[in-house]
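# Chain and residue survey
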Amino acid sequence: MTGLDRPRRLRRTPALRRLVAETTLEPRQLVLPMFVADGLDEPKEISSMPGVRQHSMDSLRKAAVEAVTAGVGGLMLFGVPRHEDKDATGSQATDPDGILNRGLRALADEVGGSTVIMADTCLDEFTDHGHCGVLAADGSVDNDATLHRYVDMALAQAASGADLLGTSGMMDGQVGAVRRGLDAVGRTDTGILAYAAKYASAFYGPFREAVASSLEGDRRTYQQDPANRREAIRELQLDLAEGADIVMVKPAMSYLDILRDVADQATVPVAAYQISGEYAMITAAAERGWIDRRGAILESLMGIRRAGADIVLTYWATEAAHWLS
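Thresholds, definitions, all that
Residues numbered from 1 in each chain as written. Predicted model: local features only at pLDDT ≥ 70, side-chain atom pairs only at ≥ 80, totals over all residues. Heavy atoms only, no water. UniProt positions renumbered as here; feature names shortened; annotations may be inferred. Patch = residues over 30% accessible without salt bridge, like charges linked within 9 Å, V, L, I, M, F, W, Y side chains within 5 Å. Areas by Shrake-Rupley, 256 points an atom, 1.4 Å probe, with all protein chains shown as cover. Salt bridge = Lys/Arg side-chain N within 4 Å of Asp/Glu carboxyl O. Helix = DSSP H or I, 4+ residues; strand = E, 2+ residues; numbered from the N terminus. Buried < 20%, exposed > 50% of the residue type's maximum accessible area, 1.4 Å probe, protein only. 1 Å grid on protein atoms, 1.4 Å probe; cavity = no way out; pocket = protein on both sides within 12 Å on 5 of 7 lines; lining within 4 Å. Contact = heavy atoms within 4.5 Å. Polar contact = N/O pair within 3.5 Å; in protein donor to acceptor, adjacent residues only side chain to side chain. Axes fitted to C-alpha atoms, helices over the stretch in contact; angles between N-to-C directions. Parallel < 35°, antiparallel > 145°, perpendicular 65-115°, else oblique. Left-handed = near helix turned anticlockwise from the far one by under 90°. Nonpolar A, V, L, I, M, F, W, Y, C, P; charged D, E, K, R; others polar. Points joined across faces, edges and corners; volume = space filled by probe spheres on them.

As recorded by an unreviewed UniProt entry, the chain carries the name Delta-aminolevulinic acid dehydratase and is attributed to Nocardia tenerifensis. Of the comments in the UniProt record for the chain, the one headed Pathway (unreviewed entry) reads "Porphyrin-containing compound metabolism; protoporphyrin-IX biosynthesis; coproporphyrinogen-III from 5-aminolevulinate: step 1/4." UniProt, in the comment section headed Sequence similarities (unreviewed entry), describes the chain in these words: "Belongs to the ALAD family."

Spelled out as structure tokens, the structure:
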């Protein structure tokens, strides 16, 4: 073989590969999703997500400090109320003393100013029916009635110290409603992380255990159909017009084409969520010795970054940050 076309020259040594790498993976680009559960004195393992826990308030603080020390860019908090505190409208979500708002205050007190504190602005953890909104008389999710609950929830989370609100319910108009609600009370600096493209995925299964979901049935009337690609851009454009500060694609692994489309058109930073099912699959395969755990984790994160994510939500955020530092 002769000629000048030898791409392997630039792969010959680690130093050369590092020099010409097209995509970077840094701790600051990672966000750690966390679960805080009411009534816990000690953290509780999530059986379908080995290594991930429902936190007590004390362990939440400790895990947050560890993540921030490792250089993780942000923390996304989910609240897990006691079963008996759930109701049809998710009233615990807007109670200042509800578990999520108490958790946000704990994070703001412990690491506020050192990282970005994010809150899940959705009702599903708090409703006794497990849906992301208020139900109408016929059992369907009432979009516009739900928006009022999201605004109340957003105000409670902003008051509790959240920097970014994760509008994850996939209700039409949710970003605009939350933005107007925040601005009306002077919370103009509180940002919105819009779940612009959130698909009805089979890979959410372990998350349902993590938040002790009460859902029966599915969320296909409001989360996107996995068959649809162009629809994601429609959702993106609506969220941008309504005031989204960051947009997100969820899940990541099976939707890298959607992530690339969104990244190509978004005028704000783009996030992607490496969800519970992705975590569980890699973990299970690694536990059986079928794949190299560290290599698979870092490769999966790099793939999400390469597809266009500026920010990656991953349950490996702290561990990966230690590796990358």
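Resuming the write-up.
### Details of a nonpolar patch on the surface
A contiguous nonpolar surface patch, about 290 Å² in accessible area, is contributed by Leu10, Leu19 and Val20. Within the secondary structure, valine 20 sits in helix H1 (residues 14-20). Looking at valine 20, the relative accessible area reads 36%, which means it is partly exposed.

### Focus on the UniProt feature "active site" (unreviewed entry) in the chain
Those residues carrying the UniProt feature "active site" (unreviewed entry) are Lys198 and Lys250 in this numbering. The annotated residues occupy 53 residues of the chain but converge on a single region, no pair of C-alpha atoms lying more than 4.8 Å apart. Of the annotated residues named above, the ones that line the largest cavity are Lys198 and Lys250. Here lysine 198 falls in the buried class, since its relative accessible area comes to 7%. Not counting residues up to four positions away in its chain, the partners in contact with lysine 198 are Ser168, Met170, Tyr204, Gln223, Gln224 and Lys250. One polar contact links the side chain of lysine 198 to the main-chain carbonyl oxygen of serine 168, over a distance of 3.1 Å. Relative to the elements of secondary structure, lysine 250 occurs in strand E8 (residues 246-250). Setting aside residues no more than four positions away along its own chain, lysine 250 makes contact with Tyr195, Ala197, Lys198, Tyr199, Tyr204, Tyr273 and Ile275.

### A few points about the packing of helix H7 (residues 230-242) against helix H8 (residues 256-265)
Axis separation between H7 and H8 bottoms out at 10 Å; the angle between their running directions is 40°. One way to sum up the angle between H7 and H8 is to call them oblique. For the pair H7 and H8, the crossing hand works out as right-handed. Touching Ala232, Ile233, Leu236 and Gln237 of H7 are Ile258, Asp261, Val262 and Gln265, all from H8. Among the residues making up the contact of H7 with H8, the classes are represented as five nonpolar, two polar and one charged.

### Some remarks on the layout of surface pockets
Here the largest pocket is characterised by a volume of approximately 460 Å³. Lining of the largest pocket is provided by 24 residues; of these, Leu32, Gly51, Arg53, Tyr315 and Thr318 occupy positions nearest its centre. Secondary structure elements with two or more residues in the lining of the largest pocket: strand E1 (30-37), strand E3 (53-55), helix H2 (57-70), helix H9 (276-287) and helix H11 (317-324). Counted by class, the lining of the largest pocket contains 13 nonpolar, six polar and five charged residues. Here the second largest pocket defines a volume of roughly 290 Å³. In this structure, the second largest pocket is lined by 15 residues; those nearest its centre are Met170, Asp172, Thr221, Tyr222 and Glu235. Of all the elements, H7 adds the most residues to the lining of the second largest pocket, at four residues. Grouping the amino acids of the lining of the second largest pocket by side-chain chemistry returns five nonpolar, five polar and five charged.

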